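# Structural overview
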Amino acid sequence: MLNIDSQYGVQLYVRSVVRKMIRVKKCDNIYCSFWEKDRCLLEGITVDEYGHCQEYVYPDIPEELFEQKRKEMREKILAKD
């Protein structure tokens, strides 16, 4: 696991294990920083034996914001019932 401090103080965590380099046409990991419109923005990635990307990068979201969004989502869901 590699910890990268960005210029904005946001910590990004990169996990990289070289297995097999491929070009990606479609990506389902909407939480990755390199995901955009069902595609990976990276030129090539490595995948493990299960086809999972090893270069994913998740932004470090403050717990307060994450909890706020969780609560908003619960309220939306419960309001539909």
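Residues numbered from 1 in each chain as written. Predicted model: local features only at pLDDT ≥ 70, side-chain atom pairs only at ≥ 80, totals over all residues. Heavy atoms only, no water.

## Remarks on the pattern of salt bridges
Heads up, the condition is: Any carboxyl oxygen of Asp or Glu that lies within 4 Å of a side-chain nitrogen of Lys or Arg is treated as forming a salt bridge with it. Exposure is judged per residue with a 1.4 Å probe applied to protein chains only, and the accessible area is read against the type maximum: over 50% gives exposed, under 20% gives buried, and values in between give partly exposed.
Counted under the stated rule, the structure contains 4 salt bridges. One salt bridge connects arginine 74 with glutamate 67, and the closest N-O pair in it is separated by 3.5 Å. Accessibility expressed as a relative area gives 42% for arginine 74, which makes it partly exposed. Several salt bridges converge on common partners, so that one network encompasses Glu63, Glu67, Arg70 and Arg74.

## Things to note about the packing of aromatic side chains
This is how it is decided: Ring pairs are drawn from Phe, Tyr and Trp, using the six-membered ring of Trp, whenever the two centres fall within 6.5 Å, and their geometry is named by plane angle: stacked under 30 degrees, edge-to-face over 60, tilted for the rest.
Within the structure shown, the criterion is met by 1 aromatic pair. When the centroid spacing of 4.9 Å and the interplanar angle of 40 degrees are considered together, the rings of tyrosine 56 and tyrosine 58 count as tilted.

## A word on the side chain of glutamate 55
Put simply, the rule reads: Helix and strand labels come from DSSP, where a helix needs a run of H or I of at least four residues and a strand needs a run of E of at least two; each type is numbered from the N terminus.
On the secondary structure map, glutamate 55 appears in the loop between β6 (45-47) and β7 (57-59). According to the relative accessible area criterion, glutamate 55 is buried, its value standing at 15%.

## Details of a nonpolar patch on the surface
To be explicit about the condition: Each patch is assembled from residues with relative accessible area greater than 30% and no salt bridge, linking like charges that lie within 9 Å and nonpolar side chains (Val, Leu, Ile, Met, Phe, Trp, Tyr) that lie within 5 Å. Accessible surface area values rest on a Shrake-Rupley calculation with a 1.4 Å probe, where residue burial reflects the displayed protein chains alone.
Together, Ile30, Tyr31 and Tyr58 line one region of the surface with nonpolar side chains, adding up to about 340 Å² of accessible area. With respect to the secondary-structure elements, tyrosine 31 resides in the loop between β3 (20-22) and β4 (35-36).

## Focus on the confidence of the model for the chain
Applicable threshold: Each residue gets a pLDDT score, which is the predictor's confidence in that residue and runs from 0 to 100. Contact criterion: two residues are considered in contact whenever any of their non-hydrogen atoms come within 4.5 Å of each other.
With 68% of its residues at a pLDDT of 70 or more, the chain shows a mean pLDDT of 75. By mean pLDDT, the top-scoring element of the chain is helix α1 (residues 63-80) (92), and the lowest-scoring one is strand β1 (residues 2-5) (45). When the criterion is pLDDT under 50, residues 1-19 qualifies, and its contacts beyond four places in sequence or with other chains add up to 39 contacts.

## Some thoughts on the state of the cysteines
What counts here: Pairs of cysteine sulfur atoms within 2.5 Å are what we label disulfides.
Scanning all chains against the criterion turns up 0 disulfides. Of the cysteine sulfurs around cysteine 32, a residue in no disulfide, the closest is that of cysteine 53, at 6.1 Å. Left unpaired, cysteine 53 is separated from the closest cysteine sulfur, that of cysteine 40, by 5.7 Å.

## Comments concerning the environment of lysine 37
Here lysine 37 is to be found in the loop between β4 and β5 (39-40). Distance in space between the C-alpha atoms of lysine 37 and lysine 26 is 8.9 Å, their sequence separation being 11 residues.

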